[in-house]
Amino acid sequence: MKNLLLGLLFLSCAAIAQKKQPTDEELRQKADQIAHKYILTDGHVDLPYRLKVKQFKLEREYMGIPIETKEGDFDYVRAKKGGLSAPFMSIYIPSSYQKTGNEKVLADSLIDMIQAIIKAHPDKFAEGRTPQQVDENFKKGLISLPMGMENGAPILELKDVKYYYDKGIRYITLTHGKDNHICDSSYDSTYTWKGLSPYGKDVVKEMNRVGIMVDISHVSDDSFYQAIELSKVPCIASHSSCRFYTPGFKRNMSDDMIKALAKKGGVIQINFGTSFLDEKARLDVDEKRKKLQAILTEKNLKFSDEAAKPVIEEFRKQNPTLYADVEKVADHVEHVIKVAGVDYVGIGSDYDGVGDSLPTGLKDVSQYPNLIYVLLKRGYTEKDIAKIMYQNVWRVWKKVQAGAEKS
């Protein structure tokens, strides 16, 4: 009997030893399959402002732009290839629009643009006003275009929160590159309010009441802690990464901030910009930007000037950019998991918003399977990856919905 048991044990161990490990190609195939099996939401895609800069027009002959193009990081064809099914369209309001009276004009025009794209291509795109609506669109093979407002500058009165909710906005990034009337920015050293303004506190409460997610990307540390303390429902960081890897970059989140966000049930969605991912590359980019600025200043040129284009192109040829890679993005995802758990991390690429700084292996929306492949290679399960792809954000979104229904 003893010998029989030993024999069975030996055979069992031999079977385990001989169990075929998936090949690299098999892992890549599985990654692609997972990318299309589940909803994939991205917290921040800057398509609307990119099209505005390109003088996008709403006439039908221009509507092919979001379908297939070599410009930018997002279009329908590439999104389908990458499995992207619910990109949050960023209604981006630059800080230069603050206090100009044009904040709402720009916001409304960008929202109208997204609605026009959906109307022109109902076989490809659909509104994404609730997680349930996105779920139904996904079953039909449609790409949902939920919207988030980047910079609360157009919230000039509390009633504007409901106004933009009714127009489809489902998160508001409280500020952007400068302090505004709602709170202080991570990029600004003025510290106007030492966190949230009195009005900003009312805005957060009204967002809770109406059902708009509070987005704490871009805000100062004080603004962050005050916002998550005040909010009765979880918050998101729609496009931020880990300060652990970029200690001098306050736009990213510290471990303490990630833990605090997770404790309240929130989610950090990892930004793909190289400056957000790698400190060495970030410092290199900053140094080159200063050199290029000095050259342009000497020639009495601005970055936006037509005459500056050949100067910038030549500079970039002589000073190639350092890029992070898809492995580094996975490092940030993994760091959040180690600090807070797999339930509190998602994807917030900032495609079309970070310029020529995207990591190798994630250069546009067709390449999300490369990130899933790396996560599989590192031992993360399909269940884990589905959480990262959309389920964590859906949990927050539904809690924000439920909180509003109780108000």
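Coordinates for the structure precede this section.
To keep things clear, this report deals only with the structure shown in the data block. Values in this document were obtained by computation on a predicted structure and should not be read as measured data. (Residues numbered from 1 in each chain as written. Predicted model: local features only at pLDDT ≥ 70, side-chain atom pairs only at ≥ 80, totals over all residues. Heavy atoms only, no water.)

1. Some remarks on the layout of surface pockets
Stage number 1. For the largest pocket, the calculated volume is near 1,800 Å³.
Stage number 2. Taken together, 44 residues form the lining of the largest pocket, with Arg316, Gly353, Val354, Gly355 and Asp356 sitting closest to its centre.
Stage number 3. Where the lining of the largest pocket is concerned, the elements lending two or more residues are helix H3 (47–53), helix H11 (274–277), helix H12 (279–298) and helix H13 (308–318).
Stage number 4. Per-element tally for the lining of the largest pocket: the top contributor is H12, with seven residues.
Stage number 5. A breakdown of the residues in the lining of the largest pocket according to their chemical character gives 13 nonpolar, twelve polar and 19 charged. (1 Å grid on protein atoms, 1.4 Å probe; cavity = no way out; pocket = protein on both sides within 12 Å on 5 of 7 lines; lining within 4 Å. Points joined across faces, edges and corners; volume = space filled by probe spheres on them. Helix = DSSP H or I, 4+ residues; strand = E, 2+ residues; numbered from the N terminus. Nonpolar A, V, L, I, M, F, W, Y, C, P; charged D, E, K, R; others polar.)

2. Concerning the pattern of salt bridges
Stage number 1. Enumeration over the complete set of coordinates arrives at 24 salt bridges.
Stage number 2. Taking the shortest distance from any N to any O, the salt bridge between Glu157 and Lys159 comes out at 4.0 Å.
Stage number 3. By relative accessible area, Lys159 is classed as exposed at 58%.
Stage number 4. Ionic contacts of the salt-bridge type, sharing partners, join the residues Glu327, Asp331, Glu334, Lys377 and Arg378 into one network. (Salt bridge = Lys/Arg side-chain N within 4 Å of Asp/Glu carboxyl O. Buried < 20%, exposed > 50% of the residue type's maximum accessible area, 1.4 Å probe, protein only.)

3. Things to note about empty space enclosed by the protein
Stage number 1. Enumeration over the complete set of coordinates arrives at three cavities of 30 Å³ or more.
Stage number 2. Sorting elements by how many residues they give to the lining of the largest cavity places helix H5 (residues 103–120) first, with three residues.
Stage number 3. Across the lining of the largest cavity, the residue classes break down as five nonpolar, three polar and two charged.

4. Examining the state of the cysteines
Stage number 1. Scanning the model with the defined rule gives zero disulfides in all.
Stage number 2. Between Cys183, a cysteine without a disulfide, and Cys235, which holds the nearest cysteine sulfur, the sulfur-to-sulfur distance is 12 Å.
Stage number 3. Judged by relative accessible area, which is 0%, Cys183 ranks as buried. (Disulfide = S-S within 2.5 Å.)

5. Some words on the side chain of Lys167
Stage number 1. Counting through the fold element by element, Lys167 comes out in the loop between helix H7 (159–166) and strand E6 (169–173).
Stage number 2. One buried charge, Lys167, has no salt-bridge partner; the nearest side chain with opposite charge is Asp112, at 4.1 Å.
Stage number 3. Setting aside residues up to four positions removed in sequence, Lys167 forms contacts with Asp108, Ile111, Asp112, Gln115, Arg129 and Met147. (Lys, Arg positive; Asp, Glu negative; His and termini not counted. Contact = heavy atoms within 4.5 Å.)

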